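Each chain, written out:
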Amino acid sequence: MSLQLRQLSVRYGRGRNAITAVDHVDIDVPKGTTVGLVGESGCGKSTVARAVIGLVPVAGGQILLDGKDVTSDRARNSNVFRRSVQMVFQDPYSSLNPRMSIGSALKEALAHGRAAEESRRTAAEMIELVGLPQSALKRYPHQLSGGQRQRVAIARALAVGPDVIVLDEVTSALDVSVQGSVLNLLRTLQRDLGLTYLFISHDLSTVRYMSDVVAVMYLGRIVETTPTLELFAAPQHPYTVGLIESVPRLNHPRVRAPLVGDLPDPRNPPPGCRLSPRCPVGPIHRPDRKICTTEDPQAITELTVHRTACHFAARTAQPSVPV
Amino acid sequence: MIKSFFRNANGIAGSIGVLLIAAVSIFAPSIWGKKAHTINVVNGDKGPSGAHWLGTDRLGHDIFYQLLVSTRLTMEMALGATGIAILVGIPLGAGAALLPERVRMIALRALDTLIAFPGLLIAIVFAAVLDPGKFSAVLGVGIGLSFSFARVASSLTLAIRDREFISAARVVGVGRTRLMVRHVLPNIADSLAIATTVSIAAAIVTMAGLSFLGLGVQLPSVDWGRMLTTGVQSFYLTPFAALGPGIAIALAALVFGFFGEGLARAANPVLWPGSGGDDDSATATADGPPTVDDPYEPVEDGVLDVRDLTVSFPSGRKRRQQVVRGVSLDLAPGETLGIVGESGSGKSLTALAIAQLVAHPGVVEGRITVNGTELQRVPLKEVDRTLGTSLAVVFQDPMSSLNPAVKIRNQLIEGVRRHRGLSRAEAVLAARRRLGEVNLPTPERQLERYPHELSGGQRQRVLIAMGLMNEPNVLIADEPTTALDVTVQAQIMDLLAGINAEHNTAVVLISHNLGLISQNCDRVLVMYAGRVVEEVAADRLTEAEHPYTRALLGAVPDMAHSREQPLVSIPGQMPDARSTPVGCAYHPRCPLAVPRCAEQRPPLQLNAVGHRVACWVANSDEAPAGAATVGTATSGDGA
C-alpha cells in the first residue's frame, strides 16, 4: 500500500500557546519503498508519525492510503486501518507493557476471534520472523535486552499483518552494538514481505542507509524532499547542507559548525523563511537577501522529484558526501 | 506469580497472619462463644489473672475470649466495607483518569471535593439516614473509603495513561475495556494491593469510631471497636480492656500490611524469583585482583595519570562486583583523549572515579594523580582544592546538572569564590567573561536567568563555562552532546576545540559515537566490560584491530557505508558486572574467538603497528589478516 500525506497540519494547544507542530507537510511513500523523515528534536517528525497512526488529531490536510482518504479520526481508529498501518515506537523499554508476557502481547495484537491454537501458532511464527527463540514468548520485557525488546515490538506490529509501518526512531534508544542487527532485520522484512516504511530518525547516517527518498523537516515543515543518493550528493537547501556537514564522520576532518544558534520557539516562528536567523547563506551573512525574512519560500516549492523550499537553493548546492 | 508470593518474607508473614485471623474468625464463635458471653457481674472490672488472661469487663465478660469471638464480626465488617470501596472506587478513579482531557479535569476536581469529607462523617450520615447498625456502618464506611480509593486509582492511572505501551496497545487495536483490564490495572495492581490492606485497617478503626458514637455495631453484638470503646471507659481501672482490642487492631493492620506487600511483589514480574536478565553465555566469575597490564611509562609532566583504577559495588553478602576493572590512562597537557564504549562499559564511571564523584556504596581503588598530586596521599581538603582548581566535569544532561531554582550567576560564582577566594564582584566579572568565551550572546542577561529559560545547547554552554571558571587544565566531558541535536553538537564541539587550543586545556571526551571521537581526539581508548581493550591514535581508528572495535565500526551506518551491504550484527549483549565471562570478556560474542580466549584474559599489549590491543588473536603472529575479516554479518542479537 502507498501512503500519502497531503498538506498535513497538526496543532497542539489553543490560543496564544498554540503550536503548529506539523505545518502543511507533503510526503509520498510509494508501495514497498522507504521514505526517510529526518530532522532535529522539536521539528515535528514524531508528531507526523502520531498523526498518521491516529494518536493525535489532524488539523488540516489529508492522509491517503492507496489513494483512499483516511484523514478522519474514525477512519484511522478503525480496524481496517489498524490492520494496514502499524507503528514501532522509539523506546522498547516503555512501549511494551511490563506486566504482560511477550506471548500475550503478540497474541493481543492478532485479530480477534481467532482460535487459541491459531493465535499461539501465529505468535510463534512472528517471534521466529524477528529472529528470537520460541522461549522468548514466555518471558517478560525486563528479561530481554534492548535489542531483543525492539525485535518484540517489531513482531507485535507485524502480527497485525500491516502493509505500511511507521518506524519512529527505532534504533535511537538502543546500544550501538545492536543497532546494526535491528536495521538489518527491518531491511530483510521489507524485502521478504513487501512492506512500506515511513522511517523517522534524527540520525542522518541511519536515514541515508535505510531510505529510498529522504524528506528533511525543520520547524514543522518539509524543506527538502529528494531521492537519497541525490540528497547526499547534492543537497540543495542550506539546512540540509548544514545538517549533513554537522554529522561527525570517520576519516574526515571536522568542519566548523555550519549553522549558528538554536531552533527558534515553535510558538513564535520567524517570519519568511524559518531558517533565516540561522542560515549561512541568508540575511545574517548576506544583508541584501531581504526576501528570506519577508517571503515564505514554502510557496515556491513545486511538486517535483527534488523539492526545495529555499529562495537561493540552487546557489547553495555543493557536493558534500561521497555516496 | 504464586510462587513469588510465597517466596518473599512479607508474603509468608502476611499469609500466616491472614490464615490465623481467618481460622479464628471461623472457629472461635463455636469453640469459645459460650465462655465469651458468660456474664459474671461479681467478677467485673478485674485485671489479668490465670483464669482471665486479659481480665474482665464491667459485666465480667472474659476479654480475651470476647476478643477472639468478635474477630469474625470485625473482619466481616472491615472486609465488607473495603470490598464496597474497591468496587466503587477503582472503576470510578481509573475511569475518570481515562476520560478525554476536559471532562477528566471536572471529574477529578469532583473527586477531590468528595475526598475532603471525612469517611467517618459520611458513615455517620448513612447511619443517621438508615437505621444504625452493622449494615449502615459497612455501607457508610465503604462509601467513605471509596473516594480515597478512587483518588489513588486515578492518580496511578494518570501516571501510566500516557506511557508508550498504552499508545502501542491502542495502535494494535486494543479496545477500551481490555486496555483498562489488561494494561492499566496490572500496572497499578501493586499499589492498589497496598491501598486495599491499608484500607482494611482504616475500616476497622473507623468502625470503632462509629461504635464509640453509638452508631456502629449495636449490643449485644460486639466487635473490636465496640470493645475498645467500652474498654477506654475503664482504662485506669483495667487498662487491658482497652489495650487488648487496641493491640488486636494494630496486629491485624500489620498482618494485612504484610499481606499487601506480598501481593504487590507477586504482581510485579520484575521481582519474581529467578527472573533476572538473560545470562545466556556468561559464566560467573570472581575476578581476582587487577593484574597490571604492561605498565606503560607515565608521561612526563602529565596533567592526569590513572593507574589500575577499579570501581566496585556491593553485590549480595560480603561480595563486591567490579564495574571498572583496572583502567590505566594518562593525559598530556593540551591533549584530547577519547573514551569510547557502550552503556555498561564503565566509561562514565571511570570519569566519575577520576573526579572523586563515585557515591557510596561504590568503592574506588587505584592511583589517580592530577597535576602531580596523588589524590590518595593528600588530606581530603587538599583533594577538594586540587580537583576544584584543576579538573572540571561536564555531564550529558545539562538540565539535571544545573540547579533549577538558582540563577545562572550564583551557580557560576559559587566555585571560584570558594576555591580562589574572589570577592563577589570579581567573581561575577569572571562569570561574565566565561559566558562570553562560550559564545553565549548577551552574557549580562544570561547571568540573571534560570536554567529552564535556556535551550539545551545554551545550558550545555553554561555548564562548560562553569567548568572553566577555575581555569582547569583537565576538562572531562562525559557524553556532552548526546542530549543535543547534531547542529548544536557541532557548535559545542567547536567550543571545546577552541578551549583546548586557546587555554591548552587537556580534554577527556567520553562518547559512544565513533565519528565524534575520531574527529575530535588525538588518542582513543576503547572500553568493554570495565576494561580498556584497545588504545589507538584517533586518525587510525578505522584501522583498529580488536574484534569488538571493528564490529562497532560496522554496526552503525556512517555516511560512507554502502547502502547495499548489511551492517554488522554483534550477537548477544555486553555482560553485566555480575557475570563477566572468564578470559576475554568479549569472547562469547567474538567470531574470531579461539579456546584460549575463554581461559585467559588477554593483556593490553603494544602491537606491531604501534597501538595497544587486548586480544589473543590480534596479537598472535599468524593472524594479522584475521582482523580485517571481522565484521561478517551474524544474525540475531542474542537469544
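Here is what the cut-offs are and how they apply
Residues numbered from 1 in each chain as written. Chains lettered and ligands numbered in written order. Predicted model: local features only at pLDDT ≥ 70, side-chain atom pairs only at ≥ 80, totals over all residues. pLDDT = per-residue confidence, 0-100. Helix = DSSP H or I, 4+ residues; strand = E, 2+ residues; numbered from the N terminus. Contact = placed C-beta atoms within 7 Å. Domains from an automatic or database assignment. Nonpolar A, V, L, I, M, F, W, Y, C, P; charged D, E, K, R; others polar. Pairing = 2+ DSSP bridges. Axes fitted to C-alpha atoms, helices over the stretch in contact; angles between N-to-C directions. Buried ≥ 20, exposed ≤ 12 C-beta atoms within 10 Å, placed from the backbone. Expected span 1.5 Å × (residues − 1).

Residues and elements named next belong to chain B. Looking at chain B, the pLDDT average stands at 83 and 92% of residues meet or exceed 70. Taking the mean pLDDT of every element in chain B, the minimum, 42, falls on helix 22 (residues 626-629) and the maximum, 96, on strand 3 (residues 336-340). In this model residues 276-292 is a low-confidence stretch, pLDDT under 50, and it forms 28 contacts with partners more than four residues away in sequence or in other chains. Counting contacts from residues 622-639, a segment whose pLDDT is below 50, to residues more than four positions away or on other chains yields 46 contacts. ipTM for the predicted complex: 0.87, alongside a pTM of 0.82.

Attention shifts here to the domain arrangement of chain A. Residue and element names in this part refer to chain A. Taken domain by domain, chain A consists of domain 1 (3-218) and domain 2 (235-316). Here the C-alpha centre of domain 2 lies 29 Å away from the C-alpha centre of domain 1. Contacts between the two partners involve ten residues from domain 1, matched on the other side by twelve residues from domain 2. Elements supplying a minimum of two residues to the side of domain 1 that touches domain 2: strand 2 (19-29), helix 9 (204-210) and strand 9 (213-218). With three residues, the single largest contributor to the side of domain 1 that touches domain 2 is strand 2. Here the residues of the side of domain 1 that touches domain 2 sort into five nonpolar, four polar and one charged.

Our next topic: the sheet that holds strand 1 (residues 3-12) of chain A. All names here are of chain A. Across the sheet, four strands lie side by side as 2-1-4-5; this open sheet has antiparallel pairing. In this open sheet, the two strands that pair with only one neighbour each are strand 2 and strand 5 (68-69). With two bridges connecting them, strand 4 (residues 60-65) and strand 5 associate as antiparallel partners. Within the sheet, the bridge partner assigned to L64 lies in strand 5 and is D69. Packing of helix 1 (residues 45-52) onto the sheet brings it into contact with strand 1, strand 2 and strand 4, and relative to strand 2 it is tilted by some 70 degrees.

Another point: the interface of chain A and chain B. Each partner contributes residues to the interface: chain A has 62 residues there, and chain B has 65 residues. At the level of elements, helix 3 (79-84), strand 6 (85-88), helix 4 (92-95), helix 5 (102-109), helix 7 (146-159), helix 8 (176-193), helix 9 and helix 11 (238-246) of chain A are the ones that each hand at least two residues to the side of chain A that touches chain B. At eight residues, the largest contribution of residues to the side of chain A that touches chain B is made by helix 8 of chain A. Tallied by class, residues from the side of chain A that touches chain B come to 26 nonpolar, 24 polar and twelve charged.

This paragraph deals with the environment of I63(A). All names here are of chain A. Considering the arrangement of structural elements, one finds I63 in strand 4. For I63, a count of 24 C-beta atoms within 10 Å corresponds to the buried category. Linking I63 and L8, residues 55 residues apart in sequence, is a C-alpha distance of 7.2 Å.

So, about the pairing of strand 4 (residues 363-370) of chain B. All names here are of chain B. Direction of pairing for strand 1 (residues 304-314) relative to strand 4: antiparallel, over a ladder of seven bridges. In the strand pairing of strand 4, D305 is matched with T369. As paired elements, strand 4 and strand 5 (residues 373-374) share two bridges and run antiparallel to each other. Note that in strand 5 the partner of T369 across the bridge is E374. Linking strand 4 back to strand 5 in an antiparallel pair, the connection comprises two residues, with N371 at a positive phi of about 55 degrees.

All names here are of chain B. For chain B, the domain assignment lists domain 1 (2-271), domain 2 (304-543) and domain 3 (552-639). Between domain 2 and domain 3, the C-alpha centre-to-centre distance is 29 Å. Counting residues at the interface gives 20 residues for domain 2, matched by 16 residues for domain 3. Elements that contribute at least two residues to the side of domain 2 that touches domain 3 include exactly strand 2 (320-331), helix 19 (514-520) and strand 10 (531-537). The element that contributes the greatest number of residues to the side of domain 2 that touches domain 3 is strand 10, accounting for seven residues. Partitioned by chemical class, the residues of the side of domain 2 that touches domain 3 number eight nonpolar, eight polar and four charged.

Bringing helix 18 (residues 486-503) of chain B into the picture now. Given a rise of 1.5 Å per residue, 18 residues ought to cover 26 Å, and the 25 Å separating the end C-alpha atoms of helix 18 of chain B matches this to within 8%. Those residues of helix 18 of chain B lying buried are V486(B), T487(B), V488(B), Q489(B), A490(B), Q491(B), I492(B), M493(B), L495(B), L496(B) and I499(B). In this structure, the buried residues of helix 18 of chain B make contact with helix 11 of chain A together with helix 17 (456-468), strand 7 (474-478), strand 8 (506-511) and helix 19 of chain B. At the exit of helix 18 of chain B stands N504(B), carrying a positive phi of roughly 55 degrees.

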